[in-house]
Amino acid sequence: MNGFKINNLIAMGKDVPTVNVEFKDGLNLIIGPSNTGKTYIFEAIDYMLGGGSVPKEISQDKNYLIMYLEIELLKSKETFTISRSLKNPKDMITLFYSKFSEIESAQSEQLYYEANKSEKNISTFLLKLCGFELPIKIRKTTNYDKTNFTFRSYIPYSMVDEPKMISENSPIYDNDSFNDKTKYLYHFKYLVTNEDDSNVERVISKNIFDETKKSNITLLKELLGQEKEKYHNLSGKIEYNTQDFDADITTTFLKNIQQEIQIINQKILEFDTSKNKIVSDIAYNNSVLRRFKLLKNQYESDIERLQFIDEGSFLINQLVIHKCPNCGAEIDASHSCNDIDLSTINDSCQFEIQQYNLKLKELDISINTTINLVNTLKEELSFVNEEIKINKEKLADNLNPELKTLKTKLEQLSNFEMIKTEVSQVEDKMAEYNTMIQAYKEKKFLNYGSPMQLALKRIKDTSFTDFLEDVLENFYYNQGEKAKVSFNTNGKEIDFSINDEKRGTVGKGTRALLTSSFFMAVRNYCISKGLPHANFLILDSPINAFKQQEYLEHLDSSIKNKFLNYLSINVGQTIIMENLYVSDIPADLKEKINIIEFTKTDEGRYGFY
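None of these values were measured; they are calculated from a predicted model.

Let's talk about the environment of Phe608
Mapped onto the elements of the fold, Phe608 is located in the segment after strand 16 (594-597). Considered as a pair, Phe608 and Ala11 are 597 residues apart in the sequence and their alpha carbons are 9.4 Å apart. For Phe608, the contacting residues outside a window of four places in its chain are Leu9, Ala11, Val19, Asn20, Val21, Thr36, Gly37, Tyr40, Ile41, Met67 and Phe598.

Written out as structure tokens, the structure is:
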């Protein structure tokens, strides 16, 4: 179910006690004498739901600074708390994602109260809660100028103040401004049809229609003339002679050239592959050659080392040794340490030198072989490069000129085809302009009727009157009596009649009940049809007008009781502010109603504050 209910209205301030009023499902009746804050509560709820004006100042609210409104979604039971300053209405509104009792730890965000400030505004938030899919465009003038539908556009259908209750003007309209009548009428039309005016074209007068039609035909003829001139110029170029251009021969020639180019390119590719392998082999063998040379240097260094040892042994033999080089002891007749055998060392060095010389010879053979291989590879590389060069020159010198000639012919043919295509496009454009000119010539001015008549027809197409009749028959008429409701226009606005009696002509008290019935029926209709609606209804003094004796109207207590009983069992939450006393309410009704009584005395609750 769309919409939400109001759980709690709270006011807080500096050095003053927190005050609140709690609401329940069904009918909530705020009663008591004048000047106790009943209308203040009405204005406060309107303010908390995005109204631009703070509640009318009363003496008791002097030190109250901030107000909270706790609301609960009917479908998901999710609860939100709206917070707003009572002193600075242009301050941002704070939205808490929790009950009022849990706002200290709740997630929150800031919202603008103006709908046109940003996407984050109170209007968008509340409209979505009610099931409205945004954006919604509403007709606001007789010429189909449009405006956005906001929550302030909707709120008059959920909150009805006392002046509107007794107004002779139709409840469809929110004020007497002539300029706004179309807008308010189309608000109502949208609510009962769920059809906005986004796709409705702007209506123009017959004079403007005729002038626009004439201008469009003139413009199209000018464009048609431009296309005709373009067609004439292209027709001169289309005389291209294609007789000398044999497509079959050209195609065969092109295929032969392409095959030859393919063969040569394949050779070049093969030579490139060979070249890459040769270059790789040269690099590898050069690397091997560098390693061979390093190894040769190592062998030669080892031979020098061994020759140095051999020469050293000769010098050692020339020395007079007093101490043993092995153990370091004095050498005498009793010394038994084994002597170093220098001849053995010399023989070993000579043997190693011979081995290294053999390796050097083998290494020199490998080096020479590798050098020869690198030179052979370089010769092969030179040959491959030359072959690549020859084949590329063949492509450039022989085949490319033939391709160039062929390309020229093909370009000529392509240009000819392009011109033919362009001519075809110009012909299509001329046909299109001729069709559009003919369509404009045949276009007739359509008189859609006045906005009021159009809206009235759509309203009559719905079953809304059935719901209004049902509401009236449930409390205003005696059992068995029927209410026949019809919507009509007096040329200025649309209003309804009941059994051929115009609503605006009855007494003030009766008008208040009929106005209440209208808004009750709107809620019942929207809920029954699954249309967007807030679901709550707040009525300020729907019964009070009967108490003003100068109007000589009397409200039968049975009608009053049936009215309250109907609201107590009706779908949705209803809040009524009324100058009644608890004693005015029958005992059986008291059990069905949440009564909030203000006494204006020290006994009981004085008022809201």
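Notes on helix 5 (residues 181-193)
Over its 13 residues, helix 5 extends 18 Å from the first C-alpha to the last, a length consistent with the 18 Å expected when each residue adds 1.5 Å. Burial within helix 5 is extensive, with twelve of its 13 residues counted as buried. Directly after helix 5, the chain includes Asn194, whose backbone phi takes a positive value near 60°.

Some words on the packing of helix 10 (residues 464-475) against helix 12 (residues 557-569)
Between helix 10 and helix 12, the shortest axis-to-axis distance is 8 Å and the interhelical angle comes to 130°. Taken together, the axis directions place helix 10 and helix 12 in an arrangement best described as oblique. Between helix 10 and helix 12, the contacting residues are Asp470, Val471, Asn474 and Phe475 on the first element and Ile559, Lys562, Phe563 and Tyr566 on the second. When the residues that make up the contact of helix 10 with helix 12 are grouped by side-chain class, the tally is five nonpolar, one polar and two charged.

Some thoughts on the sheet that holds strand 16
Here five strands make up an open sheet; going across it, the order is 10-14-15-3-16 and the pairing parallel. With partners counted over all chains shown, the strands left at the sheet margins are strand 10 (159-160) and strand 16, one partner each. Sheet analysis places strand 3 (residues 27-31) next to strand 15 (residues 574-578), joined by five bridges and oriented parallel. The partner of Ile31 across the bridge, within strand 15, is Glu578. Where helix 11 (residues 508-529) meets the sheet, its contacts fall on strand 10, strand 14 (537-540) and strand 15, and the angle it forms with strand 14 comes to roughly 175°.

Quick notes on the packing of aromatic side chains
One pair of aromatic rings is described through two measures. These are the centre distance and the angle between the planes. If you walk through the whole model with that rule in mind, you get 29 aromatic pairs. A ring pair is formed by Phe464 and Phe518, whose centres lie 5.7 Å apart and whose planes are at 75°; its orientation type is edge-to-face. With Phe464 in helix 10 and Phe518 in helix 11, this residue pair connects regions lying 54 residues apart in the sequence. When its relative accessible area of 0% is taken as the criterion, Phe464 is described as buried. Within the aromatic cluster, the residues linked to one another by ring pairs are Tyr157, Phe188, Phe464, Phe467, Phe487, Phe496, Phe518, Phe519 and Tyr525. Over the ring of Tyr173 we find Lys181, and its NZ or CZ is 4.6 Å from the ring centre. When the ring centre of Tyr184 is taken as origin, the NZ or CZ atom of Lys183, which lies over that ring, is 5.2 Å away.

Considerations on the environment of Gln350
With respect to the element layout, Gln350 can be found in helix 8 (residues 342-442). What makes Gln350 partly exposed here is its relative accessible area of 35%. C-alpha separation for the pair Gln350 and Leu306, spaced 44 residues apart in sequence, amounts to 7.7 Å.

Structural notes on the pairing of strand 1 (residues 4-13)
Each regular strand carries side chains that alternate between the two faces of the sheet. With eight of its ten residues buried, strand 1 lies for the most part within the structure. Bridging between strand 1 and strand 4 (residues 64-73) involves nine bridges; their strand directions are antiparallel. When the sheet's bridge partners are listed, Gly13 is paired in strand 4 with Tyr64. Relative to strand 2 (residues 19-22), strand 1 is paired through four bridges, and the arrangement is antiparallel. Across the sheet, residue Ala11 finds its bridge partner in strand 2, namely Val19. Where strand 1 hands over to strand 2, the hairpin turn is made up of five residues, of which Asp15 adopts a positive phi near 60°.

Thoughts on the sheet that holds strand 12 (residues 494-498)
Pairing within the open sheet is antiparallel, and its three strands lie in the order 11-12-13. Each end of this open sheet is capped by a strand with a single partner; those strands are strand 11 (485-489) and strand 13 (501-502). Its contacts with the sheet place helix 9 (residues 451-461) against strand 11 and strand 12, and it is angled at close to 170° to strand 11.

Basis of the calculations
- Residues numbered from 1 in each chain as written.
- Predicted model: local features only at pLDDT ≥ 70, side-chain atom pairs only at ≥ 80, totals over all residues.
- Heavy atoms only, no water.
- Helix = DSSP H or I, 4+ residues; strand = E, 2+ residues; numbered from the N terminus.
- Contact = heavy atoms within 4.5 Å.
- Expected span 1.5 Å × (residues − 1).
- Buried < 20%, exposed > 50% of the residue type's maximum accessible area, 1.4 Å probe, protein only.
- Axes fitted to C-alpha atoms, helices over the stretch in contact; angles between N-to-C directions.
- Parallel < 35°, antiparallel > 145°, perpendicular 65-115°, else oblique.
- Nonpolar A, V, L, I, M, F, W, Y, C, P; charged D, E, K, R; others polar.
- Pairing = 2+ DSSP bridges.
- Phe/Tyr/Trp six-rings, centres within 6.5 Å; stacked < 30°, edge-to-face > 60°.
- Lys NZ or Arg CZ within 6 Å of the ring centre and 35° of its normal.

Any link to function would need more than the numbers given here.
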